[in-house]
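# Descriptive analysis of the structure
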Amino acid sequence: QVQLVESGGGLVQPGGSLRLSCAASGSIFSIYFMVWYRQAPGKQRELVAFITKGGVTNYADSVKGRFTISRSNPENTVYLQMNSLKPEDTAVYYCNAATGRLPGDFWGQGTQVTVSS
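The model shown is predicted, which means the values in this text are computed figures rather than measured ones.

### A short note on the packing of aromatic side chains
- Under the criterion given, the structure shown has four aromatic pairs.
- Taking 5.3 Å as the distance between ring centres and 90 degrees as the angle between the ring planes, the aromatic pair formed by Phe-33 and Phe-50 counts as edge-to-face. With Phe-33 in strand 4 (residues 33-39) and Phe-50 in strand 5 (residues 46-52), this pair connects stretches of sequence that are 17 residues apart.
- By relative accessible area, which is 15% here, Phe-50 ends up buried.
- Judged by centre distance (5.3 Å) and plane angle (50 degrees), the rings of Tyr-37 and Trp-107 are tilted. Of the two residues, Tyr-37 is situated in strand 4 and Trp-107 in strand 10 (residues 106-107); the sequence distance between them amounts to 70 residues.
- A relative accessible area of 6% places Tyr-37 in the buried class.
- Using a relative accessible area of 32% as the deciding quantity, one classes Trp-107 as partly exposed.

Shown next as structure tokens:
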């Protein structure tokens, strides 16, 4: 019922910036959380950031102060502004939509972010 499409990934040098986008379509009226997850090679999936329907945001400690999650008006696109990127930020980043508990049932296809010299 909800379709998510990520874009904006790529290769960037340490200290650089990148902005990811997640376009949502379908029956989005019931979505409360829009979430960014990431999974690096050999590591568990981790929550990066979320934004609620009311605009409340939360971040993983590892990205706090460097990443910013935001949404468009109308609220059909969610962004992740990534600044001061580090090699350890290298991962596939996934957009996720949830009506209640995390993770939600709706996932994007993922977009690769590689931070390397």
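Now that the structure has been shown, the text picks up again.
### As for the pattern of salt bridges
- Applying the stated criterion across every chain, the model contains four salt bridges.
- In this structure, Arg-38 engages Asp-89 in a salt bridge whose closest nitrogen and oxygen atoms are separated by 3.0 Å. Here the residue Arg-38 occupies a position in strand 4, and Asp-89 occupies one in the loop between strand 8 (77-82) and strand 9 (91-98), the gap between them amounting to 51 residues. Each member of the pair, Arg-38 together with Asp-89, is buried.

Reading guide: rules and limits
Along each chain, residue indices are assigned from 1 in the same order as the chain's sequence is written. At least 70 in pLDDT is required for a residue's local features to be given in this predicted model, at least 80 for side-chain atom pairs to be given and counted, and no such filter applies to totals for whole chains, interfaces and linings, which use all residues. Think of the side-chain values as coming from all heavy atoms in the structure, minus any hydrogens and water. For this analysis, a ring pair means two rings from Phe, Tyr or Trp (six-membered ring only for Trp) whose centres lie within 6.5 Å, classed as stacked if their planes differ by under 30 degrees, edge-to-face if by over 60, and tilted for the remaining angles. Helix and strand assignments come from DSSP, with helices taken as H or I runs of at least 4 residues and strands as E runs of at least 2, each series counted from the N terminus. Under the scheme applied here, a residue whose accessible area is under 20% of the maximum for its type counts as buried, over 50% as exposed, and between as partly exposed, the area being computed with a 1.4 Å probe on protein chains only. For this document, the term salt bridge refers to a Lys or Arg side-chain nitrogen within 4 Å of an Asp or Glu carboxyl oxygen.

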